[in-house]
Amino acid sequence: MTDLHALYRDLHQHPELSLREFRTAGVLADALRPLGFDVTTGVGGTGVVGVLRNGDGPVVMLRADIDALPVEEKTGLPYASTRRATNADGEEVPVAHACGHDMHATCLIGAAEQLAGARAEWSGTLLVVFQPAEELGCGARNMVEDGLFERFGKPDVVLAQHVGPLPAGMIAHGSGPVMAASDSLRVTLFGRGGHGSAPEIAVDPVLMAAHVVVRLQGIVAREISPSERAVVTVGRLQAGTKENVIPETAEIGVNIRTFNENTRGIVRAAVERVVRAEAAASGAPREPEFEWHDSTPVLVSDPDATARTVAAFTERFGQERLIPGALVNSSEDVGVFGAAAGVPTVFWFFGGVDFSAWEPGKAVAMNHSPEFAPDLEPTLTTGVDALVAAARTWLRSAF
Ligand code: ZN
Ligand code: ZN
């Protein structure tokens, strides 16, 4: 039997940034091989694929993401990460599994082991996928473009889960759209540099950027129906080097979240319109530049397939351990697999927080926070059990 606690602690102590999950991929491949899976590494970069063929029946894909974040862990756990790494811009950054992908990967090894051990009870094919670079929104697409389904077979269903700030031991499930589409944008605004004392002969990109930031907040408030949902956040604003120098340019990083293509199109177009208009209003000598990047589509948990899977959860866990999931504004690229294969995706959340010492008003660490770390148990066992129950719903029963 794999020591899942040891595996989790090992992954947690050795987090790796998106697209650089080399050690993680090796550890997971080594854990999967002895279970009887045909294992291939290097799929779509650092992805790992395991195939277990067990007679006729459906092909069931189980997916876990494996990348970590540039976050300094402050959980105080004995197995907290102290790692640092170089990011894509060549800067040294701290690295931690602040989104719990180490938990997802460990749960998937645990589920693969249980399902392989019970192979007399089912038939079909298990397609186990460890996906890199979820945090960049490109890992799933990279694996699909590397021939995932041509090389390893097309699944009949894609099953995946995410740990979150819910009570440990609980499963939360939505149906239809469950997580937002995310689009990121780099904007460069052009002014004319000059002396801080002589603004009349310069065009100030700092003031231009300030107007843009404020004006962008009018999009959700005034252009989107109150019955729709959208977020526009300016998370980055950079300009200048010195108080008395008017710089040449200013840069803004914008992130938008939406839940359908119509709203997404309206918000994207409105952001560009506002930026162009503010540049024109400021007398910019050049049109602004736009670079859209890191796009993730809305994640839809197929209603019929979700109902079938949730029925299995109800049987396995009891109604008291299930909670209807709320729509969340964060994003996930797992839907790319189901969309590319033309099959349903089922996605659920499982809790990672021990609420026994919680008091009203006390903050709970969210994913991506330096304090985020799931309670090892019952989180891990719940995640393994959920994957096994979900997979068994779709595999053909031998009885
Ligand atoms: Zn995340
Ligand atoms: Zn995540």
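Residues numbered from 1 in each chain as written. Chains lettered and ligands numbered in written order. Predicted model: local features only at pLDDT ≥ 70, side-chain atom pairs only at ≥ 80, totals over all residues. Heavy atoms only, no water.

Participant: Mind showing me how you'd approach the domain arrangement of the protein here?
Facilitator: How big an interface is tends to be expressed through the accessible area that disappears when the partners come together. Here the protein is described as being made up of domain 1 (4–179 + 298–397) and domain 2 (181–295). The interface is formed by eleven residues belonging to domain 1 together with eight residues belonging to domain 2. At the boundary of domain 1 with domain 2, total buried surface from both sides reaches about 830 Å², with 49% on carbon and sulfur atoms. Area buried by domain 1 at its contact with domain 2 is led by Val 298, Leu 327 and Asn 329, which between them contribute 58% of it. Where domain 1 meets domain 2, there are zero salt bridges. Here domain 1 and domain 2 share four residue pairs in polar contact (both at pLDDT 80 or more) between them. Broken down by class, the residue content of the side of domain 1 that touches domain 2 amounts to six nonpolar, four polar and one charged. (Domains from an automatic or database assignment. Contact = heavy atoms within 4.5 Å. Buried area = accessible area lost by both parts, 1.4 Å probe. Salt bridge = Lys/Arg side-chain N within 4 Å of Asp/Glu carboxyl O. Polar contact = N/O pair within 3.5 Å; in protein donor to acceptor, adjacent residues only side chain to side chain. Nonpolar A, V, L, I, M, F, W, Y, C, P; charged D, E, K, R; others polar.)

Participant: Which parts of the structure should I look at to understand the packing of aromatic side chains?
Facilitator: Each pair of aromatic rings is reported with the distance of its centres and the angle of its planes. All told, the structure shown has four aromatic pairs when counted by the stated rule. Between Tyr 8 and Tyr 79, the aromatic rings sit 6.1 Å apart at their centres with planes inclined by 80°, giving edge-to-face as the arrangement. One end of the pair, Tyr 8, is in helix H1 (residues 4–13); the other, Tyr 79, is in the loop between strand E3 (59–65) and strand E4 (84–86), with 71 residues separating them in the sequence. Accessibility assignment for this pair places Tyr 8 and Tyr 79 in one class, buried. (Phe/Tyr/Trp six-rings, centres within 6.5 Å; stacked < 30°, edge-to-face > 60°. Helix = DSSP H or I, 4+ residues; strand = E, 2+ residues; numbered from the N terminus. Buried < 20%, exposed > 50% of the residue type's maximum accessible area, 1.4 Å probe, protein only.)

Participant: Which parts of the structure should I look at to understand empty space enclosed by the protein?
Facilitator: Any empty space left between atoms is shown by rolling a water-sized probe over those atoms. Scanning the model with the defined rule gives one cavity of 30 Å³ or more in all. Size it by volume and the largest cavity reaches roughly 30 Å³. In terms of lining residues, the largest cavity is bounded by His 12, Val 71, Glu 73, Ala 96, His 97, Ala 98, Ser 369, Pro 370 and Phe 372. Grouping the constituent residues of the lining of the largest cavity by class yields five nonpolar, three polar and one charged. (1 Å grid on protein atoms, 1.4 Å probe; cavity = no way out; pocket = protein on both sides within 12 Å on 5 of 7 lines; lining within 4 Å. Points joined across faces, edges and corners; volume = space filled by probe spheres on them.)

Participant: Whenever I open this one, the coordination of the zinc ion (ligand 1) confuses me. Can you help?
Facilitator: Where a metal carries four tetrahedral donors, each ideal angle is 109.5 degrees; where it carries six octahedral donors, the ideal angles are 90 or 180 degrees. The protein atoms donating to the zinc ion (ligand 1) are Cys 99 (SG), Glu 135 (OE), Glu 135 (OE) and His 368 (NE2), with metal-donor distances spanning 2.0 to 2.8 Å. Because the angles between the four donor atoms bound to the zinc ion (ligand 1) fall within 51 to 150°, the donor set is best described as irregular. Counting residues between consecutive donors of the zinc ion (ligand 1) along the chain gives the motif C-x35-E-x232-H. A gap of 3.1 Å separates the zinc ion (ligand 1) and the zinc ion (ligand 2), which Cys 99 links by coordinating each metal. Residue Cys 99 is located in the loop between strand E5 (92–94) and helix H3 (101–117), and its partner Glu 135 is located in the loop between strand E6 (122–131) and helix H4 (139–145); the two are separated by 36 residues in the primary sequence. Accessibility expressed as a relative area gives 22% for Glu 135, which makes it partly exposed. (Donors = N, O, S within 2.8 Å, 3.2 Å for Na, K, Ca; no water. Tetrahedral: all angles 85-135°; square planar, octahedral: opposite > 155°, others 65-115°.)

Participant: Teacher, can you tell me more about helix H6 (residues 205–223) here?
Facilitator: Each α-helix turn comprises 3.6 residues. Residues three or four places apart therefore point the same way. Here H6 contains 19 residues, and its C-alpha end-to-end distance of 26 Å stays within 8% of the 27 Å for a straight helix at 1.5 Å per residue. Among all positions in H6, only Pro 205, Met 208, Ala 209, Val 212, Leu 216 and Ile 219 are buried. Down the axis of H6, the buried set is contained in an arc of 90°. They therefore lie on one face. In this structure, H6 carries Val 214 and Arg 222 as exposed residues pointing more than 90 degrees from its buried face. Where H6 is buried, its residues contact strand E10 (181–190), strand E12 (230–239), strand E13 (245–246), strand E14 (249–258) and helix H7 (261–281). Here H6 starts with a cap whose side-chain oxygen sits 2.8 Å from the backbone nitrogen of Val 206, and that cap is Asp 204. (Expected span 1.5 Å × (residues − 1). Arc of directions from axis to C-beta.)

Participant: Explanation requested: the side chain of Glu 113 in the structure shown.
Facilitator: Within the secondary structure, Glu 113 sits in helix H3. In contact with Glu 113, other than residues within four places in its own chain, are Met 1, Thr 2 and Leu 35.

Participant: How should I be thinking about helix H8 (residues 303–317) in this particular structure?
Facilitator: Along its 15 residues, H8 runs 20 Å from first to last C-alpha, staying within 8% of the 21 Å computed at 1.5 Å per residue. Turning to H8, its buried residues number three or more, namely Ala 305, Thr 306, Thr 309, Val 310, Ala 312, Phe 313 and Phe 317. With its buried residues spanning 155° around the axis, H8 presents them on a single face. Counted as exposed and oriented over 90 degrees from the buried face of H8: Asp 304 and Glu 315. Considering only its buried residues, H8 is in contact with strand E7 (157–167), strand E8 (171–173), strand E16 (299–301), strand E17 (322–324), strand E18 (345–353) and helix H10 (376–394). Residue Gly 318 follows H8 closely and has a positive phi angle near 85°.

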